[in-house]
Amino acid sequence: MAAHYVVRSVDRADTDTITALRRAGVASAHEAAGRIGLLGPAVRARQTGAVIAGSAITVSCHPGDNLMIHAAVEVCRPGDVLVVTTTSPSTDGMFGDLLATSLRAHGVIGLVSDAGVRDIAALREMGFPVWSRAVHAQGTVKASPGSVNVPVVAAGQLVRPGDIVIADDDGVLVLPVAAGRQVARAAAERLANEADKRARLESGALGVDMYNLRPLLAELGVEYVDRLPADGA
Ligand SMILES: O=C([O-])CC(=O)C(=O)O
Ligand SMILES: [Mg+2]
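Everything numeric in this text was worked out from a predicted model, so none of it was measured.

What counts and how
- Residues numbered from 1 in each chain as written.
- Chains lettered and ligands numbered in written order.
- Predicted model: local features only at pLDDT ≥ 70, side-chain atom pairs only at ≥ 80, totals over all residues.
- Heavy atoms only, no water.
- Salt bridge = Lys/Arg side-chain N within 4 Å of Asp/Glu carboxyl O.
- Helix = DSSP H or I, 4+ residues; strand = E, 2+ residues; numbered from the N terminus.
- Axes fitted to C-alpha atoms, helices over the stretch in contact; angles between N-to-C directions.
- Parallel < 35°, antiparallel > 145°, perpendicular 65-115°, else oblique.
- Left-handed = near helix turned anticlockwise from the far one by under 90°.
- Contact = heavy atoms within 4.5 Å.
- Nonpolar A, V, L, I, M, F, W, Y, C, P; charged D, E, K, R; others polar.
- UniProt positions renumbered as here; feature names shortened; annotations may be inferred.
- Buried < 20%, exposed > 50% of the residue type's maximum accessible area, 1.4 Å probe, protein only.
- Near = heavy atom within 4 Å.
- Polar contact = N/O pair within 3.5 Å; in protein donor to acceptor, adjacent residues only side chain to side chain.
- Areas by Shrake-Rupley, 256 points an atom, 1.4 Å probe, with all protein chains shown as cover.

### A look at the pattern of salt bridges
Thought 1: What the rule picks out here adds up to eight salt bridges.
Thought 2: Residue Arg181 pairs with Asp14 through a salt bridge whose shortest N-O separation is 3.2 Å. Of this pair, Arg181 sits in helix α5 (residues 180-202) while Asp14 sits in the segment before α1 (15-32), and the two are 167 residues apart along the sequence.
Thought 3: Each of Arg190, Glu194 and Arg198 takes part in salt bridges that share partners, so that together they form one network.

### Regarding the packing of α1 against α5
Describing two packed helices takes the angle between their axes plus the distance from one axis to the other.
Thought 1: Interaxial distance between α1 and α5 falls to 8 Å at its minimum, and their mutual angle equals 70 degrees. With respect to their mutual orientation, α1 and α5 come out roughly perpendicular. Crossing angle aside, the handedness with which α1 passes α5 is left-handed. Taking contact as the criterion, the partners of Thr17, Ala20, Leu21, Arg23, Ala24, Ser28, Ala29, Glu31 and Ala32 in α1 are, on α5, Gly180, Arg181, Val183, Ala184, Ala186, Ala187, Arg190, Leu191 and Glu194.
Thought 2: Within the contact of α1 with α5, the residues separate by chemical class into 10 nonpolar, three polar and five charged.

### Regarding the UniProt feature "binding site: substrate" (unreviewed entry) in the protein chain
Thought 1: Within the UniProt annotation, "binding site: substrate" (unreviewed entry) is assigned to Gly96, Asp97, Leu98, Leu99 and Arg118. Spanning 23 residues, the named residues form one tight spatial group whose C-alpha atoms are at most 10.6 Å apart.
Thought 2: Along the chain, Leu98 turns up in helix α3 (residues 97-105).
Thought 3: Leu98 sits in the exposed class, given a relative accessible area of 69%.
Thought 4: Along the chain, Arg118 turns up in the loop between β4 (110-117) and α4 (120-126).
Thought 5: We classify Arg118 as partly exposed; its relative accessible area is 31%.
Thought 6: Not counting chain neighbours up to four residues away, the residues in contact with Arg118 comprise Gly93, Phe95, Gly96, Asp97, Leu123, His136, Ala137, Gln138 and Gly139.

### Examining the site of ligand 1
Thought 1: In the neighbourhood of ligand 1, the contacting residues comprise Asn66, Met94, Gly96, Asp97, Leu98, Leu99, Arg118 and Asp119.
Thought 2: At 3.1 Å, a side-chain N or O of Asn66 approaches an oxygen atom of ligand 1.
Thought 3: Here Gly96 contributes a backbone N or O atom positioned 3.1 Å from an oxygen atom of ligand 1.
Thought 4: Compared with its free state, where it exposes 260 Å², ligand 1 has 88% of that area covered by protein.
Thought 5: For the shell around ligand 1, a count of residues per class yields three nonpolar, two polar and three charged.

Following this line, the structure appears as structure tokens:
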């Protein structure tokens, strides 16, 4: 039989790095990281406007069974984000407002789940942000073993315990702790640079000039014409 573990100790990123990455948001941090780390878009925000960043507590559950989510609560620390996966695909509603209440009591700031959530109105009402593959009322049991704080794969993305999780309306990004500071710095630079670009675009500047794209378009054989040539070619 496979071994199952609840691992208590997790190496987390420092608070300043996590705060800087939350400010950057998913898209900028993802670019700054070299366009890596995103979960697939099937795991999406179930509310509007929530932005979180924290340390991953990972949970590997049997499909249709939330036993290990309950087991995970006591190893969480304030600022953590619970990342739930199942060992085969499942959209069952294994998480709802009761589990959210329990997690919040232990300082957890949000849930990322490769499975389903339910009680979505109550979750929105209480302001506990969730990113999930599905919203589905299907009930689950507490019967099968799994693990807490082992590496998992969520929506195609490897997540290790303690990884930095950033989530907002654009999706969910996961970064290794070791990369955090450098990505936070690069993201801050990007944002400063974007402020300048935004101002220029606002005043009517064209991207093709700002980014010097006209030579590239010409090199790629893109021709400017007043009307489509008669043969359409
Ligand atoms: O209890 C469950 O199975 C999941 C749920 O609905 C909750 O956490 O409120
Ligand atoms: Mg419920």
